[in-house]
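Below are the chains, spelled out letter by letter.
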Amino acid sequence: MSKVKTMLKIGGGAVLLAAIVAVFVVATQGRDPDLEALEQEGREYIMHLDKMAGLRKNRASLAEWAYTSNITKENEENRIQVQLEISQQEKQAWEETKMYRWQDFQDFSLRRMFKKYSQLGVAALPNDKYKQLMLSISGMESNYATAKICSYKNSSKCDLSLEPDLTEIFSKSQDPEELKYYWVQWHKAAGARAKQNFTEYVQLDNEAAKLNNFDDVAEWWQSEYEVPDFEKQLAKIWEDVKPLYQQLHAYVRKRLRDKYGEEVVSTKGPIPAHLLGNMWAQTWNNIESFTRPYPDKKEVDITQAMQNQNYTPLKMFRMSDEFFRSLNLTAMPEKFWKNSIIEKPTDREIVCHASAWDFYDGEDFRIKQCTTIDYEYFQTTHHEMGHVQYFLQYKDQPVVFRDGANPGFHEAVGDTIALSVSSPKHLRRVGLTSGDAEDEQTEINQLYKMGIDKIVFLPFAYTLDLFRYGVFRGKTTPDDYNCHYWRLREELQGVEPPVNRTEEDFDAAAKYHVSADVEYARYYVSFIVQFQFHRALCQIAGEYVPEDLTKKLVDCDIYQSVAAGNALSNMLKMGSSRPWPDAMEALTGQRAMRADGLLEYFRPLHEWLQAENQRTGEHIGWESSKIQYCTEEQKAALNAKETKNRTEAAHES
C-alpha cells in the first residue's frame, strides 16, 4: 500500500484541508466527495480481497476434501499445513481491512462485505494455538470416523463401524440387550475418548471468540443469525411445539411398553434412548413399523420398492437432479458427476457423514456420502443436492456472500424439496408406490411417519446447542459435562440413557457435530423454516389451498412447478447478501421464524394423538428418570442454580 492511501484511510493532516473544502461542497451537493473517494477505494480494495479469499477458500476446500476422502496421517498433516498458511494470509488481510472506516460508507452491500471481512474467525489465534485447535478438532473427528466396535454376537469380530454396521443394527434389531450393548460401546469409543480434546477445543475456541470481539463461542455462533434475541426465539418456538411433542412422546412410549414390557419401558418415565431406532434417538423412523397408528393399513415399504427396482446411488442422484430441473432450476454441472463420491470406497477410510462441498471457483461442486439403497438415503440425497443447488444459485455473488441467508436456510432448502419428494403423490409419480389417493387412516400413518422424523428431532437439536452454550459460557465445566448433557436431554426430550452414566463418560461427543465442531441450532432453525418455505411454495404451485380438503399441505408436491422454482430461486440467489428476514420475506411474506407452518402441517396428527392418548389413559409428559447420571452433589448444585434462576426471573418480570 502506498503512504497516501494509508494516510487517507486513517485520516490525518492531508485530509484536513480536503475536509474544509468538503464542508463547502457538502453544503452544495449533499455528499462528501472525499467520503465518496474513500468509498470507491474501499470498493476496489474489498473486491480484490474477495477475489483472493475465493482462491484461499478453494485451496482450503481441496485440502480438506483430500483428507476427509482419504484419512491418512499425510493428508491430515497437509490439511493442517494448508490451514496454517491460509490463516496467516487471512490475518494479514484482516489487519488491513480493519484500517478502513467502512462504517460510514453509503453502500449497504459494501458495508456488509466489510463487516463480514472484519471478522477473522479462529485464524485470529496466535499460530501455535491455532495449530493446537486444528489438532484437537481433527483428533476428535478422526477418532469418530475410525472408531470400531466388537460384535455383540461374536466378541472376536471387532471391525464394526458406525456406518453402515451400527446404523443398520439400530434400524433393525428389536433386542433391547443387543441395542444397549452397542449403545454403550459406541458412546465409549466415540464419546469418552474425545473428552480431553473437546475440553482443549472449548478453551481455544473461546480465546478465538474474544479476539473477534465476542464474549464466548455461544455469542459468536448466535451472531450468525443477526437477531438480538435468538435464544429467546428458539425457546418460544419450543414452547409452541412442545404440546405436540408431548402427545407424540406419550403415544410412542405406550407402543414401546406394549412391545418390550414395563420392566424395560416405564409407564410415566422418560423413554430409554437405545430403543428408538437411532444411536442418538434424534429421529425415530426405524420404529415406525411396530408403532404406527393403523398397523393393519398396508404399509408401502419404499426401501423394498427401491431395491426391487434395482436402484443405484447414481440413479438416486439423477432423480434428484431431474427434480430440480423440473422446477426450472440449475442442472448439476459436469464436474459434479466427475468429482463426487457417492459410494463408500473399499480401499480406504473416509468420513462417511454426508456432506455437500462448494469449492468457490464457480464450477466445482461435490457431494461425498456413503449411499446405501434405502428410503432414508433417498431423502438424504435430495437434502445434499439442495445444498448444491443453493451453491449454484448464488455462485455469482461475491465470495463473502456465497452462503445461506443464515446457517439454517442452507439446511432447509434440501429438506423443503424432500417434503415434496416424500409426499404420497410424488412417490406414486415416480413409481415407488402404487394405488389410489390417501384415505384418512393412511394419511394419519403418513403424518406419523413424518412426525417421528421432523417433530421428535426438534428437542434433540435444541438440547445439543443449549448444552454447548452452557459449556462455552463456562456454566458447564468439564466435571459436569455428562450430568448437564443428560439433564437437558431428559428435561427437553424425555429420554434417558440405557445404563447409569458418570463423568468418565462424555456422551455428547458420540454425536458427529460435537466432535467435528459444527454448530447445531442450524438444524433446529431448518426444521422450523422448511415448513414455512414448503407452505409458501405449495401455495405458489397451486398445490395447497387452506381449508380445501382436496388440496392438503401433507399431499403437496411442487414437482414440475416453474412458478415455485422461480420463487425459490429468487430467495436462493441472494445468498447471504441481505439479512435473512429479507430472504425469507422474498419467498414467504413472513419475516420471522414461526412454528405455524409445522403445526399446520401436523394438525390432523396432533388431534388424532390427543384422542388416542385420552382413549388409552396415557400419562402426558414424564417423571424423573430412575437412571443415575448426576451425583447427589451435582443434583444439589443444579437444583440450587435452578431455584436462583427462577427467583431472578420472577424479579425481572
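No experiment lies behind these values; they were computed from the predicted model shown. (Residues numbered from 1 in each chain as written. Predicted model: local features only at pLDDT ≥ 70, side-chain atom pairs only at ≥ 80, totals over all residues. Heavy atoms only, no water.)

What follows concerns the overall build of the protein chain. Secondary structure assignment for the protein chain yields 27 helices and four strands. In terms of overall dimensions, the protein chain has a C-alpha envelope of 85 × 60 × 60 Å along the principal axes. Buried positions account for 56% of the 653 residues belonging to the protein chain. Long-range pairs, those at least 24 residues apart, make up 76% of the contacts in the protein chain with a sequence separation of at least 6. Of the roughly 28100 Å² of accessible surface on the protein chain, a fraction of 50% belongs to carbon and sulfur atoms. (Helix = DSSP H or I, 4+ residues; strand = E, 2+ residues; numbered from the N terminus. Buried < 20%, exposed > 50% of the residue type's maximum accessible area, 1.4 Å probe, protein only. Contact = heavy atoms within 4.5 Å. Areas by Shrake-Rupley, 256 points an atom, 1.4 Å probe, with all protein chains shown as cover.)

Remark: a regular strand shows side chains that alternate across the two faces of the sheet. In the sheet, strand S2 (residues 355-358) pairs with strand S3 (residues 365-368) via four bridges, with the strands oriented antiparallel. Residue aspartate 358 lies in a different strand from S3, and its bridge partner there is phenylalanine 365. Turn length for the S2-S3 hairpin, with the two strands adjacent in sequence and antiparallel, is six residues, and the turn residue tyrosine 360 shows positive phi of about 60 degrees. (Pairing = 2+ DSSP bridges.)

Our next topic: the packing of aromatic side chains. Throughout the structure, instances matching the rule amount to 50 aromatic pairs. When the centroid spacing of 5.0 Å and the interplanar angle of 65 degrees are considered together, the rings of phenylalanine 531 and tyrosine 601 count as edge-to-face. Linking phenylalanine 531 in helix H22 (residues 521-540) with tyrosine 601 in helix H25 (residues 596-601), this pair joins segments that are 70 residues apart in sequence. Of the two residues examined, phenylalanine 531 and tyrosine 601, each falls in the buried class. Among the aromatic residues, those joined into a ring-pair cluster are Trp183, Phe198, Tyr201, Trp221, Phe467, Phe472, Tyr481, Tyr485, Trp486 and Phe506. In this arrangement the basic side chain of lysine 98 is found over the ring face of tryptophan 94, its NZ or CZ atom lying 3.9 Å from the centre. (Phe/Tyr/Trp six-rings, centres within 6.5 Å; stacked < 30°, edge-to-face > 60°. Lys NZ or Arg CZ within 6 Å of the ring centre and 35° of its normal.)

Within the secondary structure layout, lysine 454 lies in helix H19 (residues 440-472). Separated by 2.7 Å, the side chains of lysine 454 and glutamine 530 make a polar contact. In this structure, lysine 454 is in contact with Asp415, Leu419, Phe527, Gln530, Phe531 and Phe602, ignoring residues within four places of it in sequence. (Polar contact = N/O pair within 3.5 Å; in protein donor to acceptor, adjacent residues only side chain to side chain.)

The subject of this paragraph is the packing of helix H16 (residues 375-393) against helix H17 (residues 407-421). Between H16 and H17, the shortest axis-to-axis distance is 7 Å and the interhelical angle comes to 130 degrees. As judged from the angle between their axes, H16 and H17 are oblique. H17 is crossed by H16, and the crossing has right-handed handedness. Here Phe378, Gln379, His382, His383, Gly386, His387, Tyr390 and Phe391 of H16 lie close against H17, whose contacting residues are Phe409, His410, Glu411, Val413, Gly414, Asp415, Ile417, Ala418 and Val421. Partitioning the contact of H16 with H17 into residue classes produces eight nonpolar, seven polar and two charged. (Axes fitted to C-alpha atoms, helices over the stretch in contact; angles between N-to-C directions. Parallel < 35°, antiparallel > 145°, perpendicular 65-115°, else oblique. Left-handed = near helix turned anticlockwise from the far one by under 90°. Nonpolar A, V, L, I, M, F, W, Y, C, P; charged D, E, K, R; others polar.)

Let us now look at helix H23 (residues 562-572). Every buried residue of H23 is listed here: Ala564, Gly565, Ala567, Leu568, Ser569, Met571 and Leu572. Residues of H23 that are buried in the fold lie against H16, H17, H22 and helix H24 (580-588).

With that settled, consider the UniProt feature "binding site: Zn(2+) 1" (unreviewed entry) in the protein chain. Listed under "binding site: Zn(2+) 1" (unreviewed entry) in the UniProt record, and renumbered for this structure, are His383, His387 and Glu411. For the residues just named, distributed over 29 residues, the greatest C-alpha separation is only 7.6 Å, placing them together at one site. Assignment of secondary structure puts histidine 383 in helix H16. Taking relative accessible area as the criterion, histidine 383 reaches 11% and is therefore assigned buried. Residues within four places of histidine 383 in sequence aside, it is in contact with Glu411, Gly414 and Asp415. For histidine 387, the location among the structural elements is in helix H16. (UniProt positions renumbered as here; feature names shortened; annotations may be inferred.)

Once that is clear, we can look at the state of the cysteines. Counted under the stated rule, the structure contains four disulfides. One disulfide bridge connects cysteine 352 with cysteine 370, the sulfur atoms lying 2.1 Å from each other. In this structure the cystine formed by cysteine 352 and cysteine 370 twists about its S-S bond by roughly -85 degrees; its chirality is therefore left-handed. Taken together, the residues span a long stretch of sequence, with cysteine 352 in the loop between helix H15 (334-339) and S2 and cysteine 370 in the loop between S3 and H16 at a distance of 18 residues. Exposure class is identical for cysteine 352 and cysteine 370. Each is buried. With its sulfur 2.0 Å from that of its partner, cysteine 538 forms a disulfide with cysteine 556. (Disulfide = S-S within 2.5 Å.)

In terms of nonpolar packing, the biggest core is built from 176 residues, with Trp186, Val252, Trp284, Phe378 and Phe602 touching the most fellow members. Take this core: its biggest share by element is 17 residues, from H19. Setting aside its immediate chain neighbours within four residues, tryptophan 284 contacts Tyr245, His249, Val252, Ile271, Leu276, Ile452 and Val456. With 17 residues, the next largest nonpolar core counts Ala53, Met113, Tyr117 and Val399 among its residues. (Core = buried A, V, L, I, M, F, W, Y, C linked by side-chain atoms within 4.5 Å.)

The subject of this paragraph is the environment of threonine 463. In this fold, threonine 463 is placed in helix H19. For threonine 463, a relative accessible area of 1% translates into the label buried. If we skip the residues at most four places from it in the chain, threonine 463 touches Tyr485, Leu488, Arg489 and Leu492.

Moving on: the environment of glycine 386. Examined against the element boundaries, glycine 386 turns out to sit in helix H16. Sequence separation between glycine 386 and aspartate 321 is 65 residues, and the spatial gap between their C-alpha atoms is 9.5 Å.

When the UniProt feature table is mapped onto this chain, "binding site: chloride" (unreviewed entry) is found at Tyr225 and Arg522. Spanning 298 residues, the named residues nonetheless gather at one spot, since no C-alpha pair among them exceeds 9.3 Å. Inspection of the secondary structure puts tyrosine 225 in the loop between helix H10 (217-223) and helix H11 (230-260). The buried category is assigned to tyrosine 225, whose relative accessible area is 1%. Apart from residues lying up to four places away in sequence, tyrosine 225 is in contact with Phe230, Asn406, Pro407, Gly408, Glu519, Ala521, Arg522, Val525 and Trp580.

Moving on, we get to the packing of H22 against H24. Closest axis-to-axis distance for the H22/H24 pair is 9 Å, and the angle between their directions is 30 degrees. Taken together, H22 and H24 sit at an angle that is classed as roughly parallel. When H22 is examined against H24, the residues Val529, Gln532, Phe533, Ala536, Leu537 and Ile540 are found in contact with a partner set consisting of Met584, Leu587 and Thr588. The residue inventory of the contact of H22 with H24, partitioned by class, reads seven nonpolar, two polar and no charged.

Within the structure shown, the criterion is met by 45 salt bridges. The partner of arginine 59 in a salt bridge is glutamate 85, with the nearest N and O atoms 2.7 Å apart. In this pair, arginine 59 sits in helix H3 (residues 33-68) while glutamate 85 sits in helix H4 (residues 73-97), placing the two residues 26 residues apart along the sequence. A residue is classified by how much of its surface remains accessible, and arginine 59, at 34% relative accessible area, is partly exposed. The class of glutamate 85 is partly exposed, set by a relative accessible area of 31%. Within the structure, one salt-bridge network assembled from shared partners comprises Arg535, Arg594, Asp596 and Glu600. (Salt bridge = Lys/Arg side-chain N within 4 Å of Asp/Glu carboxyl O.)

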